[in-house]
Amino acid sequence: MEVFDENWQRALVLMAHPDDPEYGTALAVSRWTRQGKEVAYVLATAGEAGIETMAPAQAGPLREIEQRRAITHVGVQELEFLGLPDGRLEYGIELRRAFAAAIRRHRPDVVITLNFERTFGGVYRNSADHQAVGRAVLDAVSDAANSWIFPELTDPPHTEVQMIAVFADGAPTHCVQIEQQDIDAAIAALSEHREYLAALSPDSIEDQARAQVEMVLGEHLPARVGFRVYR
Ligand SMILES: [Zn+2]
């Protein structure tokens, strides 16, 4: 893998659910904010359908709060929820328009999203929401730069996105070096999703968070995380 180009200032993480940035992307985000870069998160949904034992009306607001706590550990100051329906995202015009609008509001140099293949590593099925979001993000970068595709958007076109980086893609092309403090920050961020993790497993929140982050890092020394980069 090539070294991830860090000659940029603003990144926008565009993903489907609260906690999506926490399974690995946050490791790189921690490093980048330590460098003085600005990273904003825009999440399509509040993840309200993500806790089987809790009704959406309760789970959505709770998961937004958990995400707001999580970003404090990795230097992220802007967090926005688009309020789209969790579990029911559809690739199409509505999603592309919502993401194009977000890109025009935040005006990033780099856009980051999550694996949108059918599986993670050919083993675990990927969610329908992740598949829809990733495809729409790729298109929305072009849509945001075009004056005529969504003329109803009020912010001016944004043509400065240098690259799109996809975390957990099956064929990563670029890697980001990670320090111990980034690992600690990412574990702390994931640990803030307490109600969500508690519903998944009886193991302690911290043990679950550490195991998840260490799984991302695998055996790589020095520690690094990989992204597939589209120019
Ligand atoms: Zn997700």
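About the criteria used
- Residues numbered from 1 in each chain as written.
- Predicted model: local features only at pLDDT ≥ 70, side-chain atom pairs only at ≥ 80, totals over all residues.
- Heavy atoms only, no water.
- Helix = DSSP H or I, 4+ residues; strand = E, 2+ residues; numbered from the N terminus.
- Rg over C-alpha atoms; globule rule 2.2 N^0.38 Å.
- Buried < 20%, exposed > 50% of the residue type's maximum accessible area, 1.4 Å probe, protein only.
- Contact = heavy atoms within 4.5 Å.
- Areas by Shrake-Rupley, 256 points an atom, 1.4 Å probe, with all protein chains shown as cover.
- Expected span 1.5 Å × (residues − 1).

Engineer: Describe the overall build of the protein chain, with residues and values.
Structural biologist: For the protein chain, the helix and strand inventory stands at seven helices and 10 strands. The globule rule puts the C-alpha radius of gyration for 231 residues at 17 Å, and the 17 Å found for the protein chain is close to it. Viewed in the frame of its principal axes, the protein chain has a C-alpha envelope of about 50 × 45 × 35 Å. Across the 231 residues of the protein chain, 52% fall into the buried class. Within the protein chain, counting contacts between residues at least 6 apart in sequence, those at least 24 apart form 80% of the total. Taken as a whole, the protein chain presents about 10700 Å² of accessible surface, with 50% of it coming from carbon and sulfur.

Engineer: Tell me about helix H3 (residues 93-106), and please be specific about residues and values.
Structural biologist: Across its 14 residues, H3 extends 20 Å between first and last C-alpha, which sits within 8% of the 20 Å expected from 1.5 Å per residue. Burial runs high along H3: 10 of the 14 residues are buried. Among the residues of H3, those classed as buried are Leu95, Arg96, Ala98, Phe99, Ala100, Ala101, Ala102, Ile103, Arg104 and His106. Of the surrounding elements, those touching the buried residues of H3 are strand S2 (10-15), strand S3 (38-43), strand S4 (78-81) and helix H4 (128-145).

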